[in-house]
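# Survey of secondary and tertiary structure
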Amino acid sequence: MTKEYSPDRLDVKAFAQASASLSGHDSLLKYERLAHEAQGIHPDLYVNWQAAGELRATAGDGESEGAQLWLHLKVQAALPMQCQRCLTPVDVPLEVDRSFRFVADEATAEAQDDETEEDLLAISREFDLHELIEDELLMALPVVPSHEECPVPVVMAVSDEDF
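Below is a summary of the structure that appears in this document. Just so it is clear, the structure is predicted and the values come from calculations on it, not from any experiment.

### Some thoughts on the overall build of the protein chain
The number of helices and strands found in the protein chain is 4 helices and 5 strands. The C-alpha atoms of the protein chain give a radius of gyration of 20 Å, which is well past the 15 Å a tight globule of 163 residues would have. Dimensions of the protein chain, computed from C-alpha atoms along their principal axes, come out at roughly 70 × 40 × 20 Å. Per-residue burial for the protein chain yields a buried fraction of 37% across its 163 residues. Of the contacts made within the protein chain by residues no fewer than 6 positions apart, 61% connect residues no fewer than 24 positions apart. Split by element, the accessible area of the protein chain, about 10500 Å² in all, is 48% carbon and sulfur. Put simply, the protein chain has 11 plus and 34 minus side-chain charges, and the middle of one group is 9 Å from the middle of the other.

### A word on the nonpolar core
Membership of the largest hydrophobic core comes to 38 residues, with the highest contact counts inside it found for Val-47, Trp-49, Leu-129, Ile-133 and Leu-137. Secondary-structure elements contributing two or more residues to this core are α1 (12–17), β2 (46–57), β3 (67–82), β4 (89–103) and α4 (129–140). Beyond its immediate chain neighbours, meaning those up to four positions away, Val-47 contacts Gly-24, His-25, Asp-26, Leu-28, Tyr-31, Val-75, Gln-76, Ala-77, Ile-133 and Leu-137.

### Digging into the pairing of strand β1 (residues 21–27)
The alternating pattern of β1 places Leu-22, Gly-24 and Asp-26 on a buried face, while none of Ser-21, Ser-23, His-25 and Ser-27, on the opposite face, is buried. Pairing analysis gives 7 bridges linking β1 to β2, with the strands arranged antiparallel. Within β2, the residue paired with Ser-21 across the bridge is Ala-52.

What counts, and at which threshold
- Residues take numbers from 1 onward in each chain, read along the sequence in its written order.
- Residue-level local features of this predicted model are given only where pLDDT is at least 70; pairs of side-chain atoms are given and counted only at 80 or more, and the full residue set underlies all totals for whole chains, interfaces and linings.
- Each side-chain value is derived from all of the structure's non-hydrogen atoms; neither hydrogens nor water enter the calculation.
- Only DSSP runs of H or I covering at least 4 residues are called helices, and only runs of E covering at least 2 are called strands; the numbering of each starts at the N terminus.
- To get the radius of gyration, use the C-alpha atoms; to get the globule rule, take the number of residues to the power 0.38 and multiply by 2.2 Å.
- For every residue, the accessible area (1.4 Å probe, protein chains only) is compared with the maximum for its type, and the residue is labelled buried under 20%, exposed over 50%, or partly exposed between those bounds.
- Contacts are residue-level and defined by heavy atoms, with any inter-residue pair within 4.5 Å sufficient.
- To be clear on the numbers: accessible area is Shrake-Rupley with a 1.4 Å probe, and residue cover counts the displayed protein chains and nothing else.
- Note on charges: Lys and Arg go in the positive column, Asp and Glu in the negative column, and His and the chain ends are not counted at all.
- Charge positions are represented by NZ for Lys, CZ for Arg, CG for Asp and CD for Glu.
- The criterion is simple. A nonpolar core is a set of buried Ala, Val, Leu, Ile, Met, Phe, Trp, Tyr and Cys residues joined through side-chain atoms within 4.5 Å.
- Here the rule is simple: two strands pair whenever DSSP picks up at least two bridges between them.

Note that all results are geometric; they support no functional claim without further evidence.
Here is the structure:
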């Protein structure tokens, strides 16, 4: 029998121990904070994601059962934004490809954060994968969205001659 996993309440330990995977094709409207950043959002915009759990054996790391819990996340989306050069719409492609190692709690994550290059998260039996997806996409947003080459001429002029 195959165990069903829910991205809204993911038991990370069981997910990693089973080397399970999940994927989704969600409407951008499901990600409220991300949708708030969009210009001209419509229901045909999607967030495509894949998550895979992994249990890595380790020697002498002090963690129970001598293993580390990992989650690998890949996400693709396109967000309509406003180009800051020409002020016309631009679809900004967003991609995330990251791995996270889970530790016992927030205190452990904080203590190990300075010692490692890995992205650390606290383990949970009700981990919200959609929240992580949204957080990662928000961090992937460009500070200044723009076209590679604007479709209209960019006018570099000021209305105040004394400027």
